[in-house]
Amino acid sequence: MASKKYDLVIKNGRVIDPALGFGKDAYVFIKDGYIKKIVPPSAAVKRELKNFDERQIVDAHDKLVVPGLIDMHVHLREPGYERAETVASGCRAAAAGGFTSLCCMPNTNPCIDNQETVKFVQDRAKSADAHVYVIGAITKNIAGEELSEIGDLFNIGVVAVTDDGHYVQNPEIMRRALEYTKMFDIPVLQHAEDVYLCAGGVMNESFQSTRLGMKGSPAVAEEIAVLRDIALCRFTGGRLHIQHVSTRGAVEAIRKAKQEGVNVTAEACPHHFIFTDDEIAKGFNTNLRVNPPLRTAEDRDAVIEGLIDGTIDCIASDHAPHSEEDKDCEFDLAPAGMIGLETTLGLVKTYLIDKGYLSWADAIRKMTSNPSKILKLERGTLEEGKIADITIIDPDKKWTVDANKFRSKSKNSPYIGWKLSGKVFKTILEGKIVFE
Ligand code: DOR
């Protein structure tokens, strides 16, 4: 006999919801895509389960039940670069990585600086395995010269703007972006690398770049960009979010600005809290070419410190698919970016939680309630009445990253063959299991 009152129940799991300050064993009941109730285990609730068909019950024994993870920095490549990824394939990768929501970056072709392209991506996402929030471009064609129609973009549903991949070099334009977005209360997400200082750089400017004979991009390119934008943020009263923080100078600047009450937030990516530029010398793996580049141990440690003390609010993958043909070349000719949707959770568990830097609750906060707060999303919590986006995690499951199992259309990951701990068990989007 099947329950008509509920569609699905998740039993025996440990429920962690940072938004609710909740961390207890509980049963989660779902109906019509929404969370109906969360109740502690009891004889009564076990009796209630007798009304359920087997197929309506998910047993989460020894598992963590958390709000569906949100990745606020993803490149879906559609329209324009469908050879590397599509909305559908990127969302399949998201589901396989435990992400129920993602924010897609506007550096597509055409770029997402107008309502038609936003609508196109939204339509593609309707039947996808993850919910897609579209991020619009700050400037037309991401050229850094003229603001895009941010009001139009907001009206059709963009939750933030960014020129990701490019720093808005002109401070006057950035000032206007921070001022104008105040009207809609959306943040400006900045790729903070001074264009002139990093011109031609393919890796961090350091001992390693000198040794390898590669043109370097110095850490100060990021630090200067962050400091300028903090000043503009303070001046305008707008909302600034620094993407993929990679340097000690940037972490320290953001920490100080937050202490002073400036409205700035930040994210970090796994590759910046795991690798240093020494890794490149080991074999010129083009999947290690990223912007901003992998830095020194001092920078990596500062990113970890920033994650620990809350200077860095969010963990995002910067999932940046590139086709095998594009990455199969000399290191300095390769396009920047690595995929990340399917490895981020395992990397966070193995390199932040297992090392004692973050608790599960802290890590989940940085992938659910914090991005939700920054972008004002209606998801990211298991509160009763909210959309039933849920990730069930097998917290100590050991697994090996296998390129053949990637759902992403691209395989440009430096983690292939790595042994990780912590894996998604099931991903539930709007009450439906989209990955198990
Ligand atoms: O490494 C990167 N790749 N960094 C970016 O900011 C852009 C991204 C891409 O679009 O490939």
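Just so it is clear, the model here is predicted, and its values are computed rather than measured.

Caption draft 1: Here's a closer look at the site of the ligand. Around the ligand there are 14 residues in total, and Arg-77, Asn-107, Asn-291, His-322 and Ala-336 lie nearest to it. For the ligand, an oxygen atom lies 2.7 Å from a polar atom in the side chain of Arg-77. Within the contact set of the ligand, an oxygen atom lies 3.3 Å away from a backbone nitrogen or oxygen of Gly-337. Relative to its unbound accessible area of 290 Å², the ligand is 93% covered by the protein chains. Judged by the proximity of its atoms to the pocket grid, the ligand belongs to the largest pocket.

Caption draft 2: Focus on the pairing of strand β1 (residues 8-17). In terms of burial, β1 is largely enclosed, as 7 of its 10 residues are buried. Examined bridge by bridge, β1 and strand β2 (residues 22-31) share 8 bridges and lie antiparallel to one another. Note that in β2 the partner of Ile-16 across the bridge is Gly-23. Taking the residues between adjacent antiparallel strands as the criterion, β1 and β2 are bridged by 4 residues, where Gly-21 takes a positive phi near 65°. With 3 bridges joining them, β1 and strand β4 (residues 57-59) adopt parallel strand pairing. Residue Lys-11 lies in a different strand from β4, and its bridge partner there is Asp-59. Relative to strand β5 (residues 64-67), β1 runs parallel, the two sharing 2 bridges. In the strand pairing of β5, Arg-14 is matched with Leu-64.

Caption draft 3: Broad picture of empty space enclosed by the protein. Tallied over the entire structure, the rule returns 2 cavities of 30 Å³ or more. Forming the boundary of the largest cavity are Ala-96, Gly-97, Glu-342, Leu-345, Gly-346, Trp-399, Gly-422, Lys-423 and Val-424. Sorting the residues of the lining of the largest cavity by element identifies α13 (344-353) and β17 (419-429) as the ones contributing at least two each. In terms of residues, the lining of the largest cavity owes the most to one element, β17, which gives 3 residues. Within the lining of the largest cavity, the residues separate by chemical class into 4 nonpolar, 3 polar and 2 charged. As for the second largest cavity, its lining consists of Ser-246, His-271, His-272, Phe-275, Leu-294, Arg-295, Thr-296 and Arg-300. Broken down by class, the residue content of the lining of the second largest cavity amounts to 2 nonpolar, 4 polar and 2 charged.

Caption draft 4: Spatial organisation of the sheet that holds strand β14 (residues 264-268). If you trace the 5 strands from one edge of the open sheet to the other, you get β9-β10-β13-β14-β15, paired in parallel fashion. Of all strands in the sheet, those bounded by a partner on one side alone are β9 (161-162) and β15 (314-315). Judged from the 2 bridges that link them, β14 and β15 form a sheet pairing that is parallel. Across the sheet, residue Ala-268 finds its bridge partner in β15, namely Ile-315.

Caption draft 5: Just the sheet that holds strand β7 (residues 99-104), in detail. Reading across from one edge, β6-β7-β8 is the order of the 3 strands in this open sheet, with parallel pairing throughout. Since the sheet does not close on itself, it has two edges, and those belong to β6 (69-74) and β8 (131-134), each with one partner. Direction aside, the axes of adjacent strands within the sheet are offset by 20° on average. Against the sheet, helix α3 (residues 115-125) contacts β7 and β8, and its axis sits at roughly 175° relative to β8.

Caption draft 6: Quick peek at the layout of surface pockets. Here the largest pocket is characterised by a volume of approximately 790 Å³. Taken together, 37 residues form the lining of the largest pocket, with Asn-107, Gly-165, His-166, Asn-291 and Ala-336 sitting closest to its centre. Counted by class, the lining of the largest pocket contains 14 nonpolar, 15 polar and 8 charged residues. Volume-wise, the second largest pocket comes out at about 280 Å³. Forming the walls of the second largest pocket are 15 residues, and the residues nearest its centre are Gln-122, Ala-125, Lys-126, His-131 and Val-132.

Caption draft 7: Region of the structure containing the pairing of β14. With 5 of 5 residues buried, β14 lies mostly within the body of the structure. Judged by which residues are buried, β14 turns out to be covered on both faces: Val-264, Ala-266 and Ala-268 on one side and Thr-265 and Glu-267 on the other are all buried. Pairing of strand β13 (residues 240-242) with β14, which is carried by 3 bridges, proceeds in the parallel orientation. Across the sheet, residue Leu-240 finds its bridge partner in β14, namely Val-264. As a crossover connection, the stretch from β13 through helix α8 (residues 248-259) into β14 is right-handed.

Caption draft 8: Up close: the packing of aromatic side chains. Scanning all chains against the criterion turns up 9 aromatic pairs. Here the aromatic residues Phe-275, Tyr-351, Tyr-415 and Trp-418 are joined through ring pairs into a cluster of three or more. Across the ring face of Phe-29, the terminal group of Lys-37 is positioned such that the distance to the ring centre comes to 4.6 Å. Between Lys-423 and the ring centre of Trp-399, over which it is positioned, the NZ or CZ distance is 4.6 Å.

Caption draft 9: Examining the nonpolar core more closely. One finds Leu-102, Val-132, Ile-242 and Phe-273 to be the most contacted residues of the largest nonpolar core, which totals 94 residues. No other element matches helix α2 (residues 87-96), which puts 6 residues into this core. Here Ile-242 is in contact with Gln-190, Ala-192, Val-226, Ile-254, Val-264, Thr-265, Ala-266 and Glu-267, once residues within four sequence places are set aside. Membership of the second largest hydrophobic core comes to 16 residues, among which are Leu-8, Ile-10, Ala-60 and Ile-390.

Parameters and conventions
Residues numbered from 1 in each chain as written. Predicted model: local features only at pLDDT ≥ 70, side-chain atom pairs only at ≥ 80, totals over all residues. Heavy atoms only, no water. Near = heavy atom within 4 Å. Polar contact = N/O pair within 3.5 Å; in protein donor to acceptor, adjacent residues only side chain to side chain. Areas by Shrake-Rupley, 256 points an atom, 1.4 Å probe, with all protein chains shown as cover. 1 Å grid on protein atoms, 1.4 Å probe; cavity = no way out; pocket = protein on both sides within 12 Å on 5 of 7 lines; lining within 4 Å. Sits in = over half its atoms within 2 Å of the grid points. Buried < 20%, exposed > 50% of the residue type's maximum accessible area, 1.4 Å probe, protein only. Helix = DSSP H or I, 4+ residues; strand = E, 2+ residues; numbered from the N terminus. Pairing = 2+ DSSP bridges. Points joined across faces, edges and corners; volume = space filled by probe spheres on them. Nonpolar A, V, L, I, M, F, W, Y, C, P; charged D, E, K, R; others polar. Axes fitted to C-alpha atoms, helices over the stretch in contact; angles between N-to-C directions. Contact = heavy atoms within 4.5 Å. Right-handed = clockwise from strand over helix to strand, strands pointing away. Phe/Tyr/Trp six-rings, centres within 6.5 Å; stacked < 30°, edge-to-face > 60°. Lys NZ or Arg CZ within 6 Å of the ring centre and 35° of its normal. Core = buried A, V, L, I, M, F, W, Y, C linked by side-chain atoms within 4.5 Å.

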